[in-house]
Amino acid sequence: VMKLNPQQAPLYGDSVITVQLTEEDKVEDDVVFYLVFTGSTVQHCTSTRKINPGSLETISPGHDCCETVKVALCASREGHPVLVVAEESFQFVQDEAYDAAQFLATCAGNQQALNFTRFLDRSRPPAADVDFLDEKVALAFRHLKLPAEWNVLGADQSLTENIPRETLMHFAVRLGLLRLTWFLLQQPGGRGALSIHNNEGATPVSLALERGYQKLHQLLTEEGAREPDSWSTLSHTVHSGRYSVKHHRGLGVFLLTAEA
């Protein structure tokens, strides 16, 4: 039996999984290992990289629902058939970052909910936590299947520009969430949100300035601003019909996902 660590991953994937091999699986260098995750409606195949003779590393795929799936460790060697050397179960779960992204997505125009996020801000999480939160919530947001009509400013687009109100962009900027801000900027209503004043007369741009978030201010105001470094910028995904292939440059791992 192989050991997977951890034995679960968030739905949006992109976390590192370590595979401990048993004595008998520690084989010659020319053997290539793959993990095959079989869910109820989709299947994923990931390549791995060797850390040492007894362990491999890969990236968890993004999955379509919370469930326990079967994971097979396959070994392949030139001129030989592919062998399944071990099987284990693995769980895809909805974590707090996913809940947070879902909550934020559904309350895009909801003033009560957005005022709640302002209340949260007063308890200023430490910088390391903010970075972790930013990374995870932005990853989760990317994985959400947002409806076609979704807008950063909420569903009610009839609200004119000059009604003072809180927006998701105010929230992301106030907490200094660089990656989430970048993600929102690319969505419908993202750019429009930059000029909206809240009840104190602050725009997301003025908030960034007032809080001394230089990088964030550049992101909002400079024409050629680049996407901030993050786990997701290390990944490149290509979709083709029922298949998608993702390359994680950080670990040099490939993930193939197919609808069953």
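Residues numbered from 1 in each chain as written. Predicted model: local features only at pLDDT ≥ 70, side-chain atom pairs only at ≥ 80, totals over all residues. Heavy atoms only, no water.

A few points about the packing of aromatic side chains
- Applying the stated rule across the entire model yields 6 aromatic pairs.
- An angle of 5° between the planes, with centres 6.5 Å apart, marks the rings of Tyr12 and Tyr98 as stacked. Taken together, the positions of Tyr12 in the loop between strand E2 (8-10) and strand E3 (16-20) and Tyr98 in helix H1 (residues 96-106) put the pair 86 residues apart, joining distant regions of the chain. In this structure, Tyr12 and Tyr98 share a single accessibility class: buried.
- Taking the centre distance of 5.4 Å and the plane angle of 75° together, the rings of Phe90 and Phe92 count as edge-to-face. (Phe/Tyr/Trp six-rings, centres within 6.5 Å; stacked < 30°, edge-to-face > 60°. Helix = DSSP H or I, 4+ residues; strand = E, 2+ residues; numbered from the N terminus. Buried < 20%, exposed > 50% of the residue type's maximum accessible area, 1.4 Å probe, protein only.)

Description of the pattern of salt bridges
- Overall, the coordinates contain 9 salt bridges when judged by the stated rule.
- Here Glu135 and Arg179 are joined by a salt bridge, their closest N and O atoms 3.8 Å apart. Here Glu135 is found in helix H3 (residues 127-143), whereas its partner Arg179 is found in helix H5 (residues 178-185), with 44 residues between them in sequence. An identical accessibility class is assigned to Glu135 and Arg179; each is buried.
- A salt bridge links Glu227 to Arg142, with the nearest nitrogen and oxygen atoms 3.0 Å apart. Of the two residues, Glu227 sits in the loop between helix H7 (214-221) and strand E10 (235-240) while Arg142 sits in helix H3, which places them 85 residues apart along the sequence. (Salt bridge = Lys/Arg side-chain N within 4 Å of Asp/Glu carboxyl O.)

A closer look at the sheet that holds strand E7 (residues 55-59)
- The sheet built from 4 strands is open, its strands ordered E1-E3-E7-E6 with antiparallel pairing. Sheet topology places strand E1 (3-5) and strand E6 (49-52) at the edges, where each strand pairs with a single neighbour. In this sheet, adjacent strand axes meet at a mean angle of 30° when their direction is disregarded.
- Relative to E7, E6 runs antiparallel, the two sharing 3 bridges. The residue of E7 that forms the bridge with Arg49 is Glu57. (Pairing = 2+ DSSP bridges. Axes fitted to C-alpha atoms, helices over the stretch in contact; angles between N-to-C directions.)

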